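Breakdown of the fold
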Amino acid sequence: MKIIHILFLFTLLSFTTTYASVNDFCVANLNAPDTPTGYHCKPLANITSDDFVFHGFIAGDTKNSFNAALSSAFVTDFPGLNGLGISAARLDIAEGGSIPAHTHPGATELLIMVQGEITAGFFTTSAVYSKALKPGDLMVFPQGMLHFQVNSGKGQATAFLAFSSANPGAQLLDLLLFSNNLSSEIVAQTTFLDLAQVKKLKARFGGRG
């Protein structure tokens, strides 16, 4: 377990590339607008040690539609990450749960297994790269690739995630398709799914139409 933690920290540090070479740091002023290069810097006089410490890396509540939880340490949670091109998260998936197909358009993701078993993979137009992962295993998901994680073992599965962006964001395919107000008929036509199934999924994910 100690080796996994050390590897996780090393991975995070290796992602650091941007503002550090120009300024020592630029703690995010979360009251200011976000920009393509990050948040504006908090005034130096207002910065404290707390800006560089994150306390929320704990198991999340997996009692939801996906039976999974993500505890994020992104710039919006951890202002000291601003401009450093780095962030992290903790992933907990209950038995039988999953993180559905999704992308991070602006970040590469590295998954580091800690507990249980997760089957994970990503898609290209010509292939699927999938593997069952156990503690000590790592898997990388290149930037923008559609990917997934499923608890394929017994009991809860836990992994740490590292991202090459302070605010990687996510686009979940299920939510994009079924939580909107686009008509069910159009969704069915453009996905080749049965109309009744589309309506069922819209009801599950809060969509309309």
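Structure report, in brief. These numbers come from a predicted model, not from an experiment.

Parameters and conventions
Residues numbered from 1 in each chain as written. Predicted model: local features only at pLDDT ≥ 70, side-chain atom pairs only at ≥ 80, totals over all residues. Heavy atoms only, no water. Pairing = 2+ DSSP bridges. Helix = DSSP H or I, 4+ residues; strand = E, 2+ residues; numbered from the N terminus. Core = buried A, V, L, I, M, F, W, Y, C linked by side-chain atoms within 4.5 Å. Buried < 20%, exposed > 50% of the residue type's maximum accessible area, 1.4 Å probe, protein only. Contact = heavy atoms within 4.5 Å. Disulfide = S-S within 2.5 Å. Salt bridge = Lys/Arg side-chain N within 4 Å of Asp/Glu carboxyl O. Arc of directions from axis to C-beta. Lys, Arg positive; Asp, Glu negative; His and termini not counted. Polar contact = N/O pair within 3.5 Å; in protein donor to acceptor, adjacent residues only side chain to side chain.

A word on the sheet that holds strand β7 (residues 118-123)
Ordered by their spatial adjacency, 5 strands build an open sheet running β8-β7-β10-β5-β12, and the pairing between neighbours is antiparallel. Strands with a single pairing partner mark the edges of an open sheet, and in this sheet they are β8 (128-133) and β12 (171-172).

What to know about the nonpolar core
Leu91, Leu111 and Ile118 are the most contacted members of the largest nonpolar core, which has 26 residues in total. No other element matches the 4 residues that strand β11 (residues 157-163) contributes to this core. Apart from the residues within four sequence positions on either side, Leu111 is in contact with Leu91, Leu133, Asp137, Leu138, Met139, Phe141, Gln149, Ala159, Phe160 and Leu161. In this structure, Ala28, Ala73, Phe78 and Leu81 belong to the second largest nonpolar core, which totals 10 residues.

As for the state of the cysteines
Covalently bonding the sulfur atom of one cysteine to the sulfur atom of another cysteine gives a disulfide. In the structure shown here, the tally under the stated rule is 1 disulfide. Note that Cys26 is cross-linked by a disulfide to Cys41, the S-S spacing being 1.9 Å. Taking the sign of the S-S torsion, -110° for the link of Cys26 and Cys41, the bridge is left-handed. Residue Cys26 is located in the loop between α1 (2-14) and β1 (34-35), and its partner Cys41 is located in the loop between β2 (38-39) and β3 (68-73); the two are separated by 15 residues in the primary sequence. Taking the relative accessible area as the measure of exposure, Cys26 reaches 4% and is therefore buried.

Things to note about the pattern of salt bridges
Taken as a whole, this structure holds 3 salt bridges when the rule is applied. We note a salt bridge from Asp92 to Arg90, for which the minimum N-O separation is 2.9 Å. The partner of Lys134 in a salt bridge is Glu117, and the shortest N-O contact between them spans 3.9 Å. Residue Lys134 is located in the loop between β8 and β9 (138-141), and its partner Glu117 is located in the loop between β6 (109-115) and β7; the two are separated by 17 residues in the primary sequence.

Regarding unusual backbone geometry
Phi is positive for Asn67, which is not a glycine, with a value near 55°. Of note, Phe192 is a non-glycine position whose phi angle comes to about 65°, a positive value. Looking at the secondary structure, you find Phe192 in the loop between α3 (184-191) and α4 (195-205). By relative accessible area, Phe192 is classed as exposed at 78%.

Some details on α3
If you check which residues of α3 are buried, you get Ser184, Val187 and Ala188. Projection of α3 onto a plane perpendicular to its axis shows the buried side chains occupying an angular sector of 100°, all on one side. Facing away from the buried side of α3 by over 90 degrees, the exposed positions are Gln189 and Thr190. On its buried face, α3 sits against α2 (173-178) and α4.

Points about the side chain of Glu109
The residue Glu109 is located in strand β6 in this model. Lacking a salt bridge, the buried Glu109 has Arg90 as its closest oppositely charged neighbour, with an N-O distance of 14 Å. Looking at Glu109, its side chain comes within polar contact range of the side chain of His147, at 2.9 Å. For Glu109, the residues in contact, after removing those within four places along its chain, are His102, His104, Met139, Val140, Phe141, His147, Gln149, Leu161, Ala162 and Phe163.

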